[in-house]
Amino acid sequence: MRLEYFQMIDRFVDVDVGERLIRSVCTVPELSTVFEGHFPGYPLMPGVLLIECMAQTTGWLVSALSGFTGLPALAEVKEGKIRTAVFPGDELEFEGKVVHEGSGYAMGESKGWRKGTAICDAKLTYRIVPYPNPQFRQTLWEWAERLDFPLKEFSK
Amino acid sequence: MSTTFDKVAEIIAETCDIPRENIKPESHAINDLEIDSLDFLDIAFAIDKAFGIKLPLEQWTQEVNDGKATTDQYFVLKNLSDRIDELIAAKGA
C-alpha cells in the first residue's frame, strides 16, 4: 500500500468469476506523508482512503468482467460506513461484489475487515469510461500481474 | 396507460424523490424531470432489475451523439416504456 500514489491494494487473494466476487489484502504503511497531516502525532488512516480501498478492489473486478474495455470510474458511494479507526501497520482485507453489470455502468458492494472485524462497507456505482489511449490497457494488465490478479481467467 | 409506464414512473418517483403525479408519459426525463446522468444510472439499475433486461444506454448515447437519434426517442417516458417493452419482447423471442 502506497498511500501517496493511491496504490491501495497489495495483492488479490481470491477472484471468483461465477460469484462476481473479489478479495484483496493490504498493510497500512508505518510511515507515510499522509500521516504527517492526518494527524500530527496521531497517525490515522483517512476514512476516504478506506473508501478508496473498497472502490479499487471492486473496480478491478468490474474492469475484468467488462474485458478490460474501459476504466471503471467511481461515480457514487452510497451508505458508506467507516466503522472503526485504522492505524499504521494494520493488516486489512477487502471484499468486493459486482451486483449488476449494466450498459456502461456497474453496481457493486464492498466491505473491509481487520483481523475479522468489520471496519468499513459501502455500495458503489461505477461509470465505465473509455481508456484514454490504447497503451492504457497494457499498463493495467502489467499492474494487474503485480497484484496477482488472475488475468487468464478474464482474457477474451 | 401501459403497465410498463406505471412501473417506470414508480421507479423514478422512488429513486429521484419526484412526486408521482408530476411524472407523465410525455415527460422528458432530462428536460422536464431534471434527472441527471448519475441519477439515471440508479433508474437504469432499477429498471434492469424490475424487468430483467439491460437498457442499452451506451448504444443510445452513441446514437444521440452521432445524430442518428434524438433524446426524445429514449428519454420521453412513453418512448422509454416502449423501448422497455421491445427489450422484454426480444428477450422472450
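Residues numbered from 1 in each chain as written. Chains lettered and ligands numbered in written order. Predicted model: local features only at pLDDT ≥ 70, side-chain atom pairs only at ≥ 80, totals over all residues.

Considerations on the overall build of chain B
Phase 1: Each helix and strand in chain B was counted, giving 5 helices and 0 strands.
Phase 2: Listed N to C, the secondary structure of chain B is α-α-α-α-α in terms of helices and strands.
Phase 3: For chain B, the C-alpha radius of gyration of 12 Å lies close to 12 Å, the compact-globule estimate for 93 residues.
Phase 4: For chain B, the spread of C-alpha atoms along the three principal axes comes to 30 × 30 × 25 Å. (Helix = DSSP H or I, 4+ residues; strand = E, 2+ residues; numbered from the N terminus. Rg over C-alpha atoms; globule rule 2.2 N^0.38 Å.)

Notes on the interface of chain A and chain B
Phase 1: At the interface, 9 residues of chain A touch 10 residues of chain B.
Phase 2: Those elements that place two or more of their residues in the side of chain A that touches chain B are strand E3 (70-82) and strand E5 (105-114) of chain A.
Phase 3: Taken together, the residues of the side of chain A that touches chain B break down into 3 nonpolar, 5 polar and 1 charged. (Contact = placed C-beta atoms within 7 Å. Nonpolar A, V, L, I, M, F, W, Y, C, P; charged D, E, K, R; others polar.)

Points about the nonpolar core
Side chains that are nonpolar tend, in soluble globular proteins, to be buried together.
Phase 1: Leu50(A), Met54(A) and Val8(B) are the most contacted members of the largest nonpolar core, which has 50 residues in total.
Phase 2: Aside from chain neighbours lying at most four places away, what touches Val8(B) is Ile47(B), Leu77(B), Leu80(B), Ser81(B) and Ile84(B). (Core = buried A, V, L, I, M, F, W, Y, C linked by C-beta atoms within 7 Å. Buried ≥ 20, exposed ≤ 12 C-beta atoms within 10 Å, placed from the backbone.)

Overview of the environment of Met45(A)
All names here are of chain A.
Phase 1: In this fold, Met45 is placed in the loop between helix H1 (34-37) and helix H2 (47-65).
Phase 2: When the C-alpha atoms of Met45 and Val28 are compared, they prove to be 7.8 Å apart, with 17 residues separating the residues in sequence.
Phase 3: Apart from residues lying up to four places away in sequence, Met45 is in contact with Val28, Leu50, Val86 and Phe87.

Quick notes on helix H3 (residues 134-146) of chain A
Phase 1: Counting buried residues along H3(A), only 0 of its 13 residues qualify, which leaves the element largely exposed.
Phase 2: Within two residues after H3(A), Asp148(A) carries a phi angle of roughly 60 degrees, on the positive side.

Side note on the environment of Leu3(A)
All names here are of chain A.
Phase 1: Here Leu3 lies in the segment before strand E1 (11-16).
Phase 2: Judged by the 20 C-beta atoms lying within 10 Å of it, Leu3 falls in the buried class.
Phase 3: Along the primary structure Leu3 and Arg114 are separated by 111 residues, whereas in three dimensions their C-alpha atoms are 18 Å apart.
Phase 4: Contacts of Leu3, omitting those with residues within four sequence positions, involve Pro29, Ser32, Val34 and Leu49.

Description of the sheet that holds strand E2 (residues 21-27) of chain A
Residues and elements named next belong to chain A.
Phase 1: The strand order across the open sheet formed by 6 strands is E1-E2-E4-E5-E6-E3, and the pairing between neighbours is antiparallel. Edge strands, defined here as strands with exactly one partner in the open sheet, are E1 and E3. Going across the sheet, the axis of each strand differs from the next one's by a mean of 20 degrees, ignoring polarity.
Phase 2: By the bridge criterion, 10 bridges tie E3 to strand E6 (residues 117-130) in an arrangement that is antiparallel. (Pairing = 2+ DSSP bridges. Axes fitted to C-alpha atoms, helices over the stretch in contact; angles between N-to-C directions.)

Structural notes on the packing of helix H1 (residues 3-16) of chain B against helix H2 (residues 37-51) of chain B
Think of two packed helices as two axes; the pair is described by the angle between the axes and how far apart they sit.
Residues and elements named next belong to chain B.
Phase 1: Interaxial distance between H1 and H2 falls to 10 Å at its minimum, and their mutual angle equals 140 degrees. It follows that H1 is oblique to H2 by the angle criterion. Considering how the two elements wind past one another, H1 and H2 form a crossing that is right-handed. Across the interface between the two elements, Lys7, Val8, Ile11, Ile12, Thr15 and Cys16 from H1 touch Asp39, Asp42, Ile43, Ala46, Ile47 and Ala50 from H2. (Parallel < 35°, antiparallel > 145°, perpendicular 65-115°, else oblique. Left-handed = near helix turned anticlockwise from the far one by under 90°.)

A look at the pairing of E2(A)
All names here are of chain A.
Phase 1: Of the two faces of E2, the one lined by Ile22, Ser24 and Cys26 is fully buried and the one lined by Leu21, Arg23, Val25 and Thr27 carries no buried residue.
Phase 2: If you look at the hairpin formed by E1 and E2, you'll find 4 residues sitting between the two strands, and Arg20 has a positive phi there, around 55 degrees.
Phase 3: In this sheet, strand E4 (residues 91-101) lies alongside E2 in antiparallel orientation, the contact comprising 7 bridges. If you follow Ser24 over to E4, its bridge partner there is Phe94.

A look at unusual backbone geometry
Residue and element names in this part refer to chain A.
Phase 1: His38 connects to Phe39 through a cis peptide bond whose omega is -5 degrees.
Phase 2: Within the secondary structure, Phe39 is located in the loop between H1 and H2.
Phase 3: Look at Phe68: it is not a glycine, yet its phi comes out positive at around 50 degrees.
Phase 4: Relative to the elements of secondary structure, Phe68 occurs in the loop between H2 and E3.
Phase 5: For Phe68, a count of 20 C-beta atoms within 10 Å gives the class buried.

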